Amino acid sequence: MNKTDWTFGGEWPFEPKWFDTPDGKMHYIDEGPKDGRPIIMVHGNPTWGYLYRRFIKAVVAQGNRAIVMDHLGFGRSDKPTSEGIYSISKHAGRCEALLAALDIRNAVMIVQDWGGPIGLTFAARHPDRVAGLFVLNTFFTRPLKKVPLPRIIRAFQAPLLGDLIVKGAHAFVRGFLFNAGLSDPSRLTATDKAAYLAPHPTWSSRAGVLAFPRQIPSGPTGPVSDFVAHEGAKLAKAFADKPVKIVWPMKDVAFAIETLEGMWLRDFPHADVTRVEDAGHYVQEDAHEIVIPLLLAFIQQISGPVAS
């Protein structure tokens, strides 16, 4: 069997680092000067740190420190088979533990998809350690009403069918990440596809991928709705007068514009918003030429000391 080249021909040239948790070992990278401003990038499903490969290089070139983790079950992190390990609260707790261990201060957080509830929990609980939020398409508040889930999501949630589709056919990567989740699927090269396929080569390694769609809230009640309501309220209060930038892809098939207008701008009316017309769910792939300059400008606008 050929050994995986985790640099993917130089596209991911970063030194791997490891963080031990009670549930398994997490992979992360920590690039750039240690006294630079920490830029924390948090991915969703079914991606891993590779999603931010261009972002890492850009922020480090600006003199910042880039920290990107792979959630347990993704990227180079361990892949436990128990779905219970992949609850949003446990993902958030592991993210919080890593960032606390790194003694992160005055950071900028970039979050997208499930990276929102996972990463923003750290900001909600430790607002004194986060200087600004750079929010891509995600959610962090209780749904206001019943959410009509698409047929494919209901299929993922079905006990046997979901396993066959996600774990067996690897459809979340091949069908959504490679196709429906992008405005322009040709954005992904053969190397990119290999990088996204590499972490989940077997049925059993895909438990984390399946656990996410099975936790999508269907309405105002439920464990995830309660979790984001509690943590999101703390975030809204703590960042009412702190810099918040929102970049929203207008062709996202997962998060409707109502999530931006009715949730994010309700809680953060002072946020500066850029709507990216021709980008799908994975805006980091579809529109990195737009998003990265916005990020670099946002970082430069944030005042205050980098380290304390």
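The structure contained in this document is the topic of the report that follows.

Definitions and cut-offs
- Residues numbered from 1 in each chain as written.
- Predicted model: local features only at pLDDT ≥ 70, side-chain atom pairs only at ≥ 80, totals over all residues.
- Heavy atoms only, no water.
- Helix = DSSP H or I, 4+ residues; strand = E, 2+ residues; numbered from the N terminus.
- Buried < 20%, exposed > 50% of the residue type's maximum accessible area, 1.4 Å probe, protein only.
- 1 Å grid on protein atoms, 1.4 Å probe; cavity = no way out; pocket = protein on both sides within 12 Å on 5 of 7 lines; lining within 4 Å.
- Points joined across faces, edges and corners; volume = space filled by probe spheres on them.
- Nonpolar A, V, L, I, M, F, W, Y, C, P; charged D, E, K, R; others polar.
- Patch = residues over 30% accessible without salt bridge, like charges linked within 9 Å, V, L, I, M, F, W, Y side chains within 5 Å.
- Areas by Shrake-Rupley, 256 points an atom, 1.4 Å probe, with all protein chains shown as cover.
- Salt bridge = Lys/Arg side-chain N within 4 Å of Asp/Glu carboxyl O.
- Arc of directions from axis to C-beta.
- Contact = heavy atoms within 4.5 Å.
- Axes fitted to C-alpha atoms, helices over the stretch in contact; angles between N-to-C directions.
- Left-handed = near helix turned anticlockwise from the far one by under 90°.

### Structural notes on the environment of V291
- Checked against the element boundaries, V291 lands in helix α12 (residues 288-301).
- Residue V291 is classed as buried on the basis of its relative accessible area, which comes to 0%.
- Along the chain, V291 and F255 lie 36 residues apart, while their C-alpha atoms are 18 Å from each other.

### Observations regarding empty space enclosed by the protein
- A full pass over the atoms with the stated rule returns one cavity of 30 Å³ or more.
- One number sums up the size of the largest cavity: a volume of about 50 Å³.
- Taken together, F140, T141, G232, L235, M263, W264, D267 and F268 make up the full set of residues lining the largest cavity.
- Every element with two or more residues in the lining of the largest cavity is listed here: α9 (223-238) and α10 (257-267).
- For the lining of the largest cavity, the leading source of residues is α10, giving three residues.
- Partitioning the lining of the largest cavity into residue classes produces five nonpolar, two polar and one charged.

### Quick look at a nonpolar patch on the surface
- On the surface, a cluster of nonpolar side chains totalling about 410 Å² of accessible area is made up of L160, L161, L164 and W203.
- Its location among the elements puts L160 in the loop between α4 (151-157) and α5 (161-168).
- Taking relative accessible area as the criterion, L160 reaches 60% and is therefore assigned exposed.

### Considerations on the pattern of salt bridges
- Within the structure shown, the criterion is met by 21 salt bridges.
- In this structure, E231 and K234 form a salt bridge, with 3.0 Å as the shortest nitrogen-oxygen distance. Here the residue E231 and the residue K234 both occupy positions in helix α9, the gap between them amounting to three residues, near one helical turn.
- Residue E231 is classed as buried on the basis of its relative accessible area, which comes to 3%.
- The exposure class of K234 is partly exposed, given its relative accessible area of 30%.
- Each member of the salt-bridge network shares a partner with another, and the members are R53, R54, D192 and E285.

### Quick notes on helix α7 (residues 190-197)
- Within the span of α7, buried status applies to D192, A195 and Y196. Seen end-on, α7 carries its buried residues on one side only, within an arc spanning 95°.
- Where the residues of α7 are buried, they touch α1 (53-61), α6 (171-180) and α11 (283-286).

### Focus: the packing of α1 against α12
- At their nearest, the axes of α1 and α12 sit 10 Å apart, and the two run at 35° to each other. For the pair α1 and α12, the crossing hand works out as right-handed. In this structure, α1 uses R54, F55, A58 and V59 to contact α12, whose residues at the interface are H288, V291, I292, L295, L296 and I299.
- Partitioning the contact of α1 with α12 into residue classes produces eight nonpolar, one polar and one charged.

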